[in-house]
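Here's the letter readout for the chains.
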Amino acid sequence: MQLAVLVIYLAALLTPWLFVQHQHRTAYMMALVPAALTIWFATHIPLIAGGEILIHEYQWIPGLDISFTMVLDGLSLMFALLICGIGTFIALYAGAYLKGNPAQNRFLVILLAFMGSMLGLVLADNLITLFVFWELTSITSYMLIGFNHQSAEARKAALQGLIVTVAGGLALLAGLVMLAAMAGSYSIQEILGTSEALTEHPLFVGMLICLLLGAFTKSAQFPFHFWLPNAMAAPTPVSAYLHSATMVKAGIYLLARLQPELGESGLWTILLSSFGAMTMLTGAFMAVRSTDLKKLLAYSTIMALGTLTLLLGIGTETAMIAFAAYLLAHSLYKGALFMLAGIVDHEAGSRDVTALGGLRKNLPLTATLVAVAALSLAGIPPLFGFVAKELLLEAMLGDAFHSFIYVFVMVASIFVVTVASVIALRPFFGAFKAPKEQSKIHEPPVAMLVGPVVLVLLSLVAGIIPGTIGQWVTLPASNAVAGNVVEGYLALWHGLNLPLLLSGISIALGLILYKVWDAFRQRLTVLDPIINRGPERGYFWFMDAIVWVAEWQTRWLQNGSMRNYLRTIVLVFVGLTGYTLLTRYQLHWNWDINLYFHELVTVSILVAAAIAACITHSRLGSVAAMGAVGFSVALIFILFSAPDLGITQILVETLTVILLVLVLFRLPSFSNISTTRERIRDAVVALLVGTLIMCLIMITIDVQLFEPISAYQIENSYTLAQGRNIVNVILVDFRALDTLGEIFVLALAAMGVYAMIKFNPDTAPGSNHYAGTLILAEKKLAEKDIIHSLEEIHQKMLEDQNIIAAGAMNNRNAKDDDDDDDESEDANTSSYDNDRPQDDSANSANDENEKEGKPS
Amino acid sequence: MEPIMAIAVGLMYAAAIYMMLRRSIVKLVIGLMLLSNAANLLIFTSAGMTRGAPPLIPEGAIVPDGIVADPLPQALILTAIVIAFGVLAFAVVLIHRAYNILRTDNLDQMKDTDT
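Fair warning: this is a prediction, and the values are worked out from it, not measured in the lab.

1. Focus on the overall build of chain B
Moving on, step 1. Of regular secondary structure, chain B possesses four helices and zero strands.
Moving on, step 2. Scanning chain B from its N terminus toward the C terminus, one meets helices and strands in the order α-α-α-α.
Moving on, step 3. For chain B, the proportion of its 115 residues judged to be buried stands at 61%.
Moving on, step 4. Summarising the internal contacts of chain B: among those between residues at least 6 apart in sequence, 56% fall at separations of at least 24.
Moving on, step 5. Carbon and sulfur atoms make up 65% of the accessible area of chain B, which amounts to about 4000 Å² in all.

2. Quick look at unusual backbone geometry
Residues and elements named next belong to chain A.
Moving on, step 1. Going from Phe222 to Pro223, the amide bond is cis rather than trans, its omega being 0°.
Moving on, step 2. Within the fold, Pro223 resides in the loop between helix H9 (204-218) and helix H10 (227-230).
Moving on, step 3. Cis rather than trans, the peptide bond between Pro381 and Pro382 has omega equal to 5°.
Moving on, step 4. The backbone of Gln722 shows a phi angle near 60°, a positive value even though the residue is not glycine.
Moving on, step 5. Tracing the chain through its elements places Gln722 in the loop between helix H30 (710-721) and helix H31 (726-734).

3. Notes on the environment of Ala103(A)
All names here are of chain A.
Moving on, step 1. Tracing the sequence through the fold places Ala103 in the loop between helix H4 (74-97) and helix H5 (104-123).
Moving on, step 2. Judged by its relative accessible area of 17%, Ala103 is buried.
Moving on, step 3. Remark: the alpha-carbon pair of Ala103 and Asn148, spanning 45 residues in sequence, is separated by 9.3 Å.

4. Let's talk about the packing of helix H16 (residues 364-378) of chain A against helix H18 (residues 403-425) of chain A
All names here are of chain A.
Moving on, step 1. The contact between H16 and H18 brings their axes to 8 Å, and the two run at 175°. Relative to H18, the element H16 is oriented roughly antiparallel. On the side of H16, the interface is formed by Val370, Ala371, Ala374, Leu377 and Ala378, while H18 contributes Val416, Val417, Ala420, Ile423 and Ala424.

5. Observations regarding helix H7 (residues 152-183) of chain A
Along an α-helix, a turn takes 3.6 residues, which lines up residues three or four apart on a common side.
Moving on, step 1. Taking 1.5 Å per residue as the helical rise, H7(A) with its 32 residues ought to reach 46 Å, and the 45 Å between its terminal C-alpha atoms agrees with that figure.
Moving on, step 2. Taken from the residues just after H7(A), Gly184(A) is the one with a positive phi, measuring 80°.

6. Overview of the nonpolar core
Moving on, step 1. Of all hydrophobic cores here, the largest spans 209 residues; its most connected members are Phe41(A), Leu119(A) and Phe323(A).
Moving on, step 2. Tallying contributions element by element places helix H15 (residues 317-348) of chain A first for this core, with 22 residues.
Moving on, step 3. The contact partners of Phe323(A), leaving out residues within four places of it in the chain, are Leu75(A), Ile252(A), Ala256(A), Leu308(A), Leu311(A), Leu312(A) and Val481(A).
Moving on, step 4. Judged by nonpolar contacts, the second largest core, of 83 residues, contains Ala610(A), Val629(A), Met5(B) and Leu72(B).

7. Regarding the packing of aromatic side chains
Residue and element names in this part refer to chain A.
Moving on, step 1. What the rule picks out here adds up to 15 aromatic pairs over all chains.
Moving on, step 2. Pairing Phe68 with Phe133 gives two aromatic rings, centres 6.1 Å apart and planes at 45°, and the pair type is tilted. Within this pair, whereas Phe68 is found in the loop between strand S3 (66-67) and strand S4 (70-72), its partner Phe133 is found in helix H6 (residues 127-145), the two being separated by 65 residues in sequence. As far as burial versus exposure is concerned, Phe68 and Phe133 are alike and both buried.
Moving on, step 3. Centre to centre, the rings of Phe114 and Tyr241 are 5.8 Å apart; their planes meet at 75°, and the pair counts as edge-to-face. Here Tyr241 lies in helix H11 (residues 236-245) and Phe114 lies in helix H5, a separation of 127 residues in the sequence.
Moving on, step 4. Ring pairs connect the aromatic residues Tyr58, Trp60, Phe68 and Phe133, which therefore count as one cluster.
Moving on, step 5. Across the ring face of Trp517, the terminal group of Arg521 is positioned such that the distance to the ring centre comes to 4.2 Å.

8. Quick word on the packing of H6(A) against H7(A)
All names here are of chain A.
Moving on, step 1. Close contact between H6 and H7 brings their axes to 8 Å; oriented N to C, the two are set at 175°. Considered as vectors, H6 and H7 are oriented roughly antiparallel to each other.
Moving on, step 2. Across the contact of H6 with H7, the residue classes break down as 19 nonpolar, three polar and one charged.

9. Brief notes about the interface of chain A and chain B
Moving on, step 1. Counting residues at the interface gives 103 residues for chain A and 85 residues for chain B.
Moving on, step 2. Roughly 8700 Å² is buried in total at the junction of chain A and chain B, and carbon and sulfur atoms are behind 75% of that figure.
Moving on, step 3. Across the contact surface, chain A and chain B share four salt bridges.
Moving on, step 4. Between Arg22(B) and Asp682(A) there is a salt bridge, and its shortest N-O distance comes to 3.0 Å.

10. Quick word on the layout of surface pockets
Rolled over the atoms, a probe with the dimensions of a water molecule shows which regions are left empty.
Moving on, step 1. Quantified by volume, the largest pocket comes out at close to 710 Å³.
Moving on, step 2. If you go around the largest pocket, you meet 26 residues; those closest to its centre are Gln704(A), Pro708(A), Ser46(B), Ala47(B) and Asp70(B).
Moving on, step 3. Residue assignment for the lining of the largest pocket shows that the elements contributing at least two residues are helix H29 (676-702) and H30 of chain A together with helix H2 (25-46) and helix H3 (71-102) of chain B.
Moving on, step 4. In terms of residue count, the dominant contributor to the lining of the largest pocket is H3(B) (three residues).

11. Considering the pattern of salt bridges
Moving on, step 1. The final tally for this structure, using the stated rule, is twelve salt bridges over all chains.
Moving on, step 2. Among the ionic pairs, Asp682(A) bridges to Arg567(A), the shortest N-O distance being 3.4 Å. Here Asp682(A) is found in helix H29, whereas its partner Arg567(A) is found in helix H25 (residues 562-584), with 115 residues between them in sequence. The residues Asp682(A) and Arg567(A) share a single accessibility class, namely buried.
Moving on, step 3. The partner of Arg51(B) in a salt bridge is Glu599(A), and the shortest N-O contact between them spans 2.5 Å. In this pair, Arg51(B) sits in the loop between H2 and H3 while Glu599(A) sits in helix H26 (residues 597-615), so the two residues belong to two different chains.
Moving on, step 4. The exposure class assigned to Arg51(B) is partly exposed, which follows from its relative accessible area of 28%.
Moving on, step 5. Linked by salt bridges that have partners in common, Arg567(A), Arg681(A), Asp682(A) and Arg22(B) make up one network.

The rules we used
- Residues numbered from 1 in each chain as written.
- Chains lettered and ligands numbered in written order.
- Predicted model: local features only at pLDDT ≥ 70, side-chain atom pairs only at ≥ 80, totals over all residues.
- Heavy atoms only, no water.
- Helix = DSSP H or I, 4+ residues; strand = E, 2+ residues; numbered from the N terminus.
- Buried < 20%, exposed > 50% of the residue type's maximum accessible area, 1.4 Å probe, protein only.
- Contact = heavy atoms within 4.5 Å.
- Areas by Shrake-Rupley, 256 points an atom, 1.4 Å probe, with all protein chains shown as cover.
- Axes fitted to C-alpha atoms, helices over the stretch in contact; angles between N-to-C directions.
- Parallel < 35°, antiparallel > 145°, perpendicular 65-115°, else oblique.
- Expected span 1.5 Å × (residues − 1).
- Core = buried A, V, L, I, M, F, W, Y, C linked by side-chain atoms within 4.5 Å.
- Phe/Tyr/Trp six-rings, centres within 6.5 Å; stacked < 30°, edge-to-face > 60°.
- Lys NZ or Arg CZ within 6 Å of the ring centre and 35° of its normal.
- Nonpolar A, V, L, I, M, F, W, Y, C, P; charged D, E, K, R; others polar.
- Buried area = accessible area lost by both parts, 1.4 Å probe.
- Salt bridge = Lys/Arg side-chain N within 4 Å of Asp/Glu carboxyl O.
- 1 Å grid on protein atoms, 1.4 Å probe; cavity = no way out; pocket = protein on both sides within 12 Å on 5 of 7 lines; lining within 4 Å.
- Points joined across faces, edges and corners; volume = space filled by probe spheres on them.

What follows is the structure, given as structure tokens:
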């Protein structure tokens, strides 16, 4: 079975290569893969119908209890047959539908990848594996819905579908992990077989809600149903496949899969019944007021998904039988109807039923197929849809305590009959009406018709011999959902009973409603304001809110003001560390001061210089104060047994002061921008930090938690490393890698400094040698010297030759003087003239000047 | 000695943070330098301060005689001093460059030039 999934992915990989040689015929070849798999799965029908469960074990990540084990039982088998069977026809259909589209290979790759993911999803036994496939279907369906990526509408719909399903997927992951934690295993088979009462577990409610969020978003249950109709922006094969037969059924599959374990919970019953019934009614109602064929079908799909959820919620044995039958019936007729709607759209040029009419003369076969499929949708004998609907009504009646559901089911049944009539009659009967000319409308290629024909025939055959289909396909699935062997059978004729009567009533009322459909829709426009305020508005509101919150928190937290960042960081540090310090530790004030006078003087100079550096208004004063700080630190190092540190500090401090003197005086003098209040606030923050640091030192000096590791280094410095200066030995030997890193950092800093001094982005490429240095003012190229094109380079070369020929030597001395003037001007006023006119020879002369000046 | 040093280091930290909170970018650099000095002293102080016993091994001996100052913090600080200088040189040149292009030394005005 693992192979079955892999084969599809493999086919997806091969597609681009095949497409180069065989163009749209690739789709027909690729259809062979799911076709073969359908047959392979079909050979398992007798085995599974006999009550066997096929398990193919394969370890994936045993340490994490994640396996690639696959299980084939009645439910998986039915899904696998639908996925591969309908997938075959979709591939054929897509081959013709997208003929000549250069992106068809991309379409096929994603379609096959989706098929593989879906198959993996229904076969996986491990919750994590299931989740991986679940997300893969979300991602591949995103790419399929957004296939026409030039269309903004398609992109928007694809993103909406992705966000809704993936957000649900996130909740699902949490739910699955909780489920596994509760049941003690990630294997579905083991979870279903567990004897532990999960309902009593404290995590149960949270787990259930997370699971349902995942399943409901995927299966477009109210209030997440809005993404499904929008996803109709996808090409028709995608709608037919993803949004009728497979992807949206993934959520239903998951619910059905876990039904045996969770179905006994009261919360499960209530949530599934109420959301299912609500979805069913919403779907039916929205379908009745739509005129777009694909929208009609999409909303009726939502209705069907709601019905399936409702049946799982009811949870009786009859409901389980009805569930499997309804699922099969829906996949068969809905897949066909979507493909047929695509044909109508393709041939007649419109999907709006009010713009179509009388097409039966041009599309006789299509019209017939639509009529039969619609009969199944409406639940009229002898189609399989009727069998399913009878069972649904029977299950509903068997559920005594949800009387409101009767009303919902009846209203939905009536509406769905109307919808079926609209789909079957409007485009094909009456006077001819279509955007295209009548003579140009003709039946589509065979490849597009194969799928609908087979699916409609299956609906018909299954309706005529429901017992056989039930025995081999749907009842094993019902058994898997129920968790035990259900007593029941599928039949066209259940005798004269209440379900039959209700069925008759709904058909009659539905047909009456069809007669007044146009007027009815007009009346419904009154409700438009309410519908516009539906859940989709919530989605857009939510998306806007995300952007708004992101903007707000960016403005607030990431406001670009480094001082705010610093203040926040520092205050958090003081708050958290200070709190821990005060609550966890006792401060020992060890004022045992053992001090010499010269030490006190040094420390006093240090502190005084630091404070002076803060309060001085003169740049020179602050540099001098920094020098004093640095040299005091060096002195402290020397006084307390660290001669190496002292030497290094003195060297570095000398360099620092030179650097500061060089650079600081090229910057404007200190300005006093802050108000007194800001100063006081910052001073308070700074003193808080200072106090905390002081307390921390006071605590650490007395505490020695571990033996210092330097004991080893002191002992072995000479014996191992032949060095008498232990600090040096540590640097170049014991911790040589640290030093290497340090050298690397310095080299990087040097490169950065060099780059910033040498390279000037404002000048043209290749003219870096014109750029200024730190010591000398920067020179900018005049606009006329910046090269914009090859012709200009050529022109410039000619000019240069002329200048040299004309005696550049003559004006070099004069230019040098000019430059010196510029220098002093720059240094004095810090003025900056971007467009200072300079000719080429002046620049080259200046360059030499810089090179000479640099070493000083 | 340590309590006095603790107060001194605390004050240096305060001075450093205060300078880093100023709007003038030059003051930020001064703050950065104070901070690196303060951090070095922090490590130096909390390791314990020893007078007149540098971690050196006399000629002819294999280990130093008597107790010497802990060499490991010294090695760490030595690295830190050099790195701090690298950072400072980079920061100073960066500021110089930024000032040349933006013509302001006010950090709050610099933040609006991202785009």
